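Given next are the chains, with one letter for each unit.
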Amino acid sequence: MKTMFKFAAGLALIATLASCNNNKDEEVAPIGEQVIEGNITTNTELDANVTYLLRGQVIVTNGATLKIPAGTLIKGERRTKGTLVIDKGAKIDAQGTAQNPIVMTSSLREGERDRGDWGGVVILGRANTNQQRPTIEGIVPEINYGTFQSTEFDGENSGIMRYVRIEYAGIELSPNNETNSLTMGGVGRGTTIEYVQVSFGGDDGFEWFGGTVDGKYLISHAMWDDDLDCDFGWTGRVQFVLVVRNPSFADQSGSNAFECDNDASGSTNTPFTAPVFSNVTVYGPREQRGRSISNNYQHAMHLRRRTATSIFNSVLVGFPTMFRLDGITTEEQYTSGAGAIENTVIVGIAASGSAAATMYSAGSGNTAASVETYFTAAARNNQAINIGTTGDASPDYNALGLRTDNFVRDRLIENYPKNPNFALTSANATLASGGAFTNAKVNNSFFQNVSYRGAFGTTDWTDGWADFRPGENQY
């Protein structure tokens, strides 16, 4: 078996010749797996024919590039909280294919894997942030990222992640400090993030702390906390996103599909957190009246603390509250046009016994009525639908173009499809039209001008590389 490594000081790659141990707290590398630990300080290329075990924090630094070929399998060690960190100036070159995606997953065996088994992937850059010398949660010793209120590094390239699955990641590395499945801090727009699935994470799915990095074709499945978390002045663009929630999986801090802040205090620091999303589909935790879900679920869109996040051409279904503009200072970002919600459909599903779903909520200084006024203004072309049926809601979803089977509902994890069909039910469905890209925020070369709302037309871009039931895989 040929391995292609350029060894660097501080990089230890060890083939641990030991048998599997069934005790989660005493796991060792199985025979034939190679351990990666310490710092990677020179260009290093992995071998797709080898299975790798991340032991502890593995930091790619000193301007090095870590190349991960298509089809490579990397496991994060649970006992040592294995985490892959790409430091400022370093790069990741992870180019999978639809036929041979790169898989980063738990080191535990099938049937034993659980959210938060390892630390996930952290990419750090030097692009613009609205904080001075911020550090990523959970990484010890601390590593700074970003450049405060400077555009000098906004075009920086931290590498490529394409056709990559990140499974069972996101872990508490120290008290009140957690990593996410994929964390990006101060990452520049020269970086490519496409066709990336995060699933069964122990914290957030994708979290952006400042920077300018863009993304396309992202999947967040069965997260514990938030799916799309934006902070510290991130100003990137994202198109085609799928979120699927499990009714039982939600964090005590309150789980949302979108959770966006300018910063922790809601300051006026610039750049404001103002990413632009288009074509997002959210299958929330509740698909019909009476569905029991975790009490920790909150909002489909929780926009707060002066964020100016924009969401276009999207559909979001089944959260306890669909749209929250939290506070007057946040609402002012939208009434002024700094942020925008346009051509978007929200579908509220009432809880058992409720007269109607809760569609809107507010915070200090504004009201649910003012949030509704903003959302329903004719010029924004949004649509709010309240499904009040006590029985089968399939006809309502079918008319929209959504498939009821794509909700997790009350099924066990092992009964959810490995490869669901997310394409619209019909070319004549409601969501098949209504997409618009006239607003300057989406009228640019990054966004593909499509007619449909939500992440899918009549083809399913998740087919063949994504996996929605990875726990049974014999890696």
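Residues numbered from 1 in each chain as written. Predicted model: local features only at pLDDT ≥ 70, side-chain atom pairs only at ≥ 80, totals over all residues. Heavy atoms only, no water.

S.K.: Help me understand the overall build of the protein in this model?
M.R.: A tally of helices and strands in the protein yields three helices and 32 strands. Over its C-alpha trace the protein gives a radius of gyration of 21 Å, about what one expects of a compact globule, namely 23 Å for 475 residues. Relative to its full complement of 475 residues, the protein shows a buried share of 60%. Within the protein, residue pairs in contact and separated by at least 24 positions form 71% of the contacts whose partners lie at least 6 positions apart. (Helix = DSSP H or I, 4+ residues; strand = E, 2+ residues; numbered from the N terminus. Rg over C-alpha atoms; globule rule 2.2 N^0.38 Å. Buried < 20%, exposed > 50% of the residue type's maximum accessible area, 1.4 Å probe, protein only. Contact = heavy atoms within 4.5 Å.)

S.K.: In this structure, what is going on with the pairing of strand E2 (residues 34–40)? I would like to understand it.
M.R.: Looking along a regular strand, one sees side chains alternate from face to face of the sheet. Direction of pairing for E2 relative to strand E4 (residues 51–54): parallel, over a ladder of three bridges. Bridging from a neighbouring strand, isoleucine 36 pairs with leucine 54 of E4. As paired strands, E2 and strand E5 (residues 57–60) are joined by two bridges and run parallel to one another. Along E5, the bridge assignment pairs isoleucine 40 with valine 60. (Pairing = 2+ DSSP bridges.)

S.K.: What should I look at first to understand the nonpolar core in this one?
M.R.: Note that soluble globular proteins tend to have their nonpolar side chains buried in a common cluster. Counting 112 residues, the largest nonpolar core has Leu182 and Trp208 as its most contacted members. Among the elements that take part in this core, strand E22 (residues 237–244) stands out by supplying six residues, more than any other. Apart from the residues lying within four places of it in its own chain, the contact partners of leucine 182 are Val121, Ile123, Met161, Ile166, Ile193, Val196, Val198, Gly205, Phe206 and Glu207. Membership of the second largest hydrophobic core comes to 10 residues, among which are Ile59, Val85, Ile143 and Phe209. (Core = buried A, V, L, I, M, F, W, Y, C linked by side-chain atoms within 4.5 Å.)

S.K.: It is not clear to me how the packing of aromatic side chains should be interpreted in this structure. Could you clarify?
M.R.: Two numbers describe a pair of aromatic rings. These are the distance of the centres and the angle of the planes. Taken as a whole and assessed by the stated rule, the structure comprises 29 aromatic pairs. Taking 6.0 Å as the distance between ring centres and 15° as the angle between the ring planes, the aromatic pair formed by phenylalanine 206 and tryptophan 208 counts as stacked. Grouping residues by exposure puts phenylalanine 206 and tryptophan 208 together as buried. The residue whose ring lies beneath arginine 115 is tryptophan 224, and the NZ or CZ to ring-centre distance is 3.7 Å. A cation over an aromatic ring shows up here: lysine 216 above the ring of phenylalanine 446, its NZ or CZ 4.7 Å from the ring centre. (Phe/Tyr/Trp six-rings, centres within 6.5 Å; stacked < 30°, edge-to-face > 60°. Lys NZ or Arg CZ within 6 Å of the ring centre and 35° of its normal.)

S.K.: For this particular structure, what's the right way to read the environment of glutamate 372?
M.R.: Turning to its location among the elements, glutamate 372 is positioned in helix H2 (residues 368–376). Residue classification places glutamate 372 among the partly exposed positions, given a relative accessible area of 38%. Along the chain, glutamate 372 and leucine 325 lie 47 residues apart, while their C-alpha atoms are 9.7 Å from each other.

S.K.: Where do I start with the pattern of salt bridges in this structure?
M.R.: Think of it this way: side chains of opposite charge can pair up when their charged atoms draw near. Applying the stated criterion across every chain, the model contains 22 salt bridges. Linking arginine 78 and aspartate 117 is a salt bridge whose minimum nitrogen-to-oxygen distance equals 3.6 Å. On the criterion of sequence distance, the pair formed by arginine 78 in the loop between strand E7 (73–76) and strand E8 (83–86) and aspartate 117 in the loop between strand E10 (102–106) and strand E11 (120–124) is long-range, its members being 39 residues apart. Classification of arginine 78 as partly exposed rests on a relative accessible area of 29%. You can call aspartate 117 buried: its relative accessible area is 2%. For the salt bridge of aspartate 87 with lysine 88, the shortest nitrogen-to-oxygen distance reads 3.4 Å. Since its relative accessible area comes to 11%, aspartate 87 is described here as buried. Taken together, the shared-partner salt bridges in this structure form one network comprising Glu259, Asp261, Arg304 and Arg305. (Salt bridge = Lys/Arg side-chain N within 4 Å of Asp/Glu carboxyl O.)

S.K.: How do you make sense of the side chain of threonine 83 when you look at a structure like this?
M.R.: As for its position among the elements, threonine 83 is in strand E8. In terms of polar contacts, threonine 83 uses its side chain to reach the backbone carbonyl oxygen of lysine 81, at 2.9 Å. (Polar contact = N/O pair within 3.5 Å; in protein donor to acceptor, adjacent residues only side chain to side chain.)

S.K.: In this structure, what is going on with helix H1 (residues 328–335)? I would like to understand it.
M.R.: Each α-helix turn comprises 3.6 residues. Residues three or four places apart therefore point the same way. Thr330, Glu331, Gln333 and Tyr334 are the residues of H1 that are buried. An end-on view of H1 places all buried positions within 150° of arc, on one side of the element. Where H1 is buried, its residues meet strand E25 (299–304), strand E28 (321–326), strand E29 (341–342) and H2. Once H1 ends, the next one or two residues include glycine 337, with phi positive near 95°. (Arc of directions from axis to C-beta.)

S.K.: Whenever I open this one, the environment of glycine 215 confuses me. Can you help?
M.R.: Considering the arrangement of structural elements, one finds glycine 215 in strand E20 (residues 215–221). We classify glycine 215 as buried; its relative accessible area is 4%. Once the C-alpha coordinates of glycine 215 and threonine 335 are considered, the two residues, 120 residues apart in sequence, prove to be 27 Å apart. Filtering out sequence-adjacent residues up to four positions away, glycine 215 remains in contact with Ile193, Arg237, Val238, Gln239 and Phe446.

S.K.: What should I look at first to understand H2 in this one?
M.R.: Within the sequence span of H2, burial applies to Val371, Tyr374 and Phe375. Taken down its axis, H2 places every buried residue within 95° of arc, on the same side. Taken together, the buried residues of H2 touch E28, H1, E29, strand E30 (345–349), strand E31 (358–362) and strand E32 (383–387).

S.K.: Got a minute to help me understand the state of the cysteines in this structure?
M.R.: Defined simply, a disulfide is a covalent bond joining two cysteines at their sulfur atoms. Applying the stated criterion across every chain, the model contains zero disulfides. Among the cysteines around cysteine 230, which has no disulfide bond, cysteine 260 carries the closest sulfur, lying 3.1 Å off. The exposure class of cysteine 230 is buried, given its relative accessible area of 0%. A relative accessible area of 0% means that cysteine 260 is categorised as buried. (Disulfide = S-S within 2.5 Å.)

Read these as spatial facts, not as claims about activity.
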